[in-house]
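Below are the chains, spelled out letter by letter.
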Amino acid sequence: MSASTLANLRHDWSLAEVRALFVQPFNDLLFQAQTVHRAHFDANRVQVSTLLSIKTGACPEDCKYCPQSGHYNTGLAKEKLMQVQAVLEEAARAKAIGATRFCMGAAWKHPSAKDMPYVLEMVKGVKALGLETCMTLGKLDQEQTSALAHAGLDYYNHNLDTSPEFYTSIITTRTYSERLQTLSYVRESGMKICSGGILGMGESLDDRANLLIQLANLPEHPESVPINMLVKVAGTPMENAEDIDPFDFIRMLAVARIMMPQSHVRLSAGREAMNEQMQALAFFAGANSIFYGDKLLTTANPQADKDMQLFSRLGILPEAREDHADEVHQAAIEHALMDQKSSEQFYNAAV
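Residues numbered from 1 in each chain as written. Predicted model: local features only at pLDDT ≥ 70, side-chain atom pairs only at ≥ 80, totals over all residues. Heavy atoms only, no water.

Caption draft 1: Representation of the environment of Ser177 in the model. Locating Ser177 in the fold gives a position in helix α8 (residues 176–189). Separated by 13 residues in the primary sequence, Ser177 and Pro164 place their C-alpha atoms 8.9 Å from one another. A polar contact is formed between the side chain of Ser177 and the side chain of Thr175, at a distance of 3.0 Å. (Helix = DSSP H or I, 4+ residues; strand = E, 2+ residues; numbered from the N terminus. Polar contact = N/O pair within 3.5 Å; in protein donor to acceptor, adjacent residues only side chain to side chain.)

Shown next as structure tokens:
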């Protein structure tokens, strides 16, 4: 990365500046976001990840949006930590359908000493398959963070969820400063950070702005910024939350792209409720990463074949891994997409 590029990355955003981005005319905002996006990324490439719940349910946290919280009755069955081999089989399947990064999530407040050896073996095994690795396991201490980095974990996901001001309305079992401390440990270990938030929980425009300020004003921007749309699950306190306006969601993606120009902005949870037109607009606003597969931890996600059909119609290709270690697999994905596009040359728009 050149010195001039680094100098253009800002870490001093003010609330007034970010408000101004949000409230400008929609077309102006998208034009600005697309211009920034093209300066740093191929506009027709999207990074593809698959997410697997390796330990489901009975989480001691009280996050009001989460069906995995043990505080709420959502009908979700409690499951033990998956066996290492079962996780590796799922990772191999994810790679076969086009994923380049495999993310593993456990419903924990923090990993236990007895579970850490199995988690580390999962990281090593997925890495050996030629996939990038990502985990979300809750709060980490310095020793756990170092162990994950030594095992070869590429990314650690730890979302801030919302602004510091709104946070205590959503979660009381973990502090905002604890989340920031985990991110600091991850960065110090040399791993990459995946951190974003959720829209549609009743937050204000300033809360959305302040979330992005927290992320963009870190000493280094997160490499991945997932923007989630609340998935309302019966039994959680958020089950009757008011729907977010789709244009407000697209604005969030665009502002994230402008503030963190070199980060991958991920179109994350809630995509099942988005039509193809909204997803296409999200990509135009600067989103360039998705979760791919049948579900996102415990909630539905658009099926893989539907995603590939949409990619084909938009002329989008999956982004190759950064180290280009798997060119043969990448070429196979692209060839399959081109075959699909050829078979749909006479797509009937009236259908």
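Caption draft 2: Layout of the side chain of Arg271. Considering the arrangement of structural elements, one finds Arg271 in the loop between β8 (264–267) and α11 (276–284). Of the polar contacts made by the side chain of Arg271, one reaches the side chain of Gln279; its length is 2.9 Å. At 2.9 Å, the side chain of Arg271 forms a polar contact with the side chain of Asp307.

Caption draft 3: The packing of aromatic side chains, seen in detail. A full pass over the atoms with the stated rule returns three aromatic pairs. Ring centres 5.3 Å apart and planes at 80 degrees place the aromatic pair Phe26 and Phe247 in the edge-to-face group. Of this pair, Phe26 sits in helix α3 (residues 26–40) while Phe247 sits in helix α10 (residues 246–259); the two residues are 221 residues apart in sequence, bridging distant segments of the chain. In this structure Phe26 comes out as buried when scored by relative accessible area, which is 18%. A relative accessible area of 49% places Phe247 in the partly exposed class. Centre to centre, the rings of Tyr167 and Tyr176 are 5.1 Å apart; their planes meet at 85 degrees, and the pair counts as edge-to-face. There is no split in this pair, since Tyr167 and Tyr176 are both buried. Note that Arg10 overlies the ring of Trp13, its terminal NZ or CZ placed 4.1 Å from the centroid. Note that Arg101 overlies the ring of Tyr155, its terminal NZ or CZ placed 3.8 Å from the centroid. (Phe/Tyr/Trp six-rings, centres within 6.5 Å; stacked < 30°, edge-to-face > 60°. Buried < 20%, exposed > 50% of the residue type's maximum accessible area, 1.4 Å probe, protein only. Lys NZ or Arg CZ within 6 Å of the ring centre and 35° of its normal.)

Caption draft 4: Representation of the packing of helix α5 (residues 116–128) against helix α6 (residues 142–151). At a minimum axis distance of 9 Å, the contact between α5 and α6 shows a crossing angle of 30 degrees. Our classification of the angle between α5 and α6 gives roughly parallel. Viewed along their axes, α5 and α6 form a crossing whose handedness is right-handed. Counting all contacts with α5, which are made through Met116, Val119, Leu120, Val123 and Lys124, the residues of α6 involved are Gln144, Ala147, Leu148 and Ala151. Classifying every residue of the contact of α5 with α6 by side-chain character gives seven nonpolar, one polar and one charged. (Axes fitted to C-alpha atoms, helices over the stretch in contact; angles between N-to-C directions. Parallel < 35°, antiparallel > 145°, perpendicular 65-115°, else oblique. Left-handed = near helix turned anticlockwise from the far one by under 90°. Contact = heavy atoms within 4.5 Å. Nonpolar A, V, L, I, M, F, W, Y, C, P; charged D, E, K, R; others polar.)

Caption draft 5: Representation of the pattern of salt bridges in the model. What the rule picks out here adds up to 16 salt bridges. Between Arg187 and Glu223 there is a salt bridge, and its shortest N-O distance comes to 2.9 Å. Here Arg187 is found in helix α8, whereas its partner Glu223 is found in the loop between α9 (205–216) and β7 (224–229), with 36 residues between them in sequence. You can call Arg187 buried: its relative accessible area is 18%. Classification of Glu223 as partly exposed rests on a relative accessible area of 22%. Salt bridges sharing partners connect three or more residues here, namely Arg10, Asp12 and Glu17. (Salt bridge = Lys/Arg side-chain N within 4 Å of Asp/Glu carboxyl O.)

Caption draft 6: The arrangement of the side chain of Arg179 in detail. By the element assignment, Arg179 lies in helix α8. Relative accessible area serves as the criterion here: at 4%, Arg179 is assigned to the buried category. Those residues in contact with Arg179, other than ones at most four positions away along the chain, are Cys63, His158, Asn159, Leu160, Asp161, Tyr167, Ile171 and Arg174.

Caption draft 7: Representation of the UniProt feature "binding site: [2Fe-2S] cluster" (unreviewed entry) in the protein. With numbering matched to this structure, UniProt assigns "binding site: [2Fe-2S] cluster" (unreviewed entry) to Cys103, Cys134, Cys194 and Arg266. A maximum C-alpha distance of 13.9 Å places the annotated residues, which cover 164 residues in sequence, within one compact spot. Examined against the element boundaries, Cys103 turns out to sit in strand β2 (residues 101–106). When sequence neighbours within four positions are dropped, the list of residues in contact with Cys103 reads Ser49, Thr50, Leu51, Leu52, Cys134 and Phe291. Here Arg266 is to be found in strand β8. A residue is classified by how much of its surface remains accessible, and Arg266, at 1% relative accessible area, is buried. With residues near it in sequence (within four places) discarded, Arg266 still touches Gln47, Ser49, Arg101, Cys194, Ser224, Val225, Pro226, Ile227, Ser289, Ile290 and Phe291. In this structure the side chain of Arg266 is engaged in a polar contact, spanning 3.3 Å, whose partner is the side chain of Ser49. (UniProt positions renumbered as here; feature names shortened; annotations may be inferred.)

Caption draft 8: How the structure looks around unusual backbone geometry. Positioned with a positive phi, Asp161 is a non-glycine residue whose angle comes to about 75 degrees. Structurally, the position occupied by Asp161 is in the loop between β4 (155–157) and α7 (164–167).

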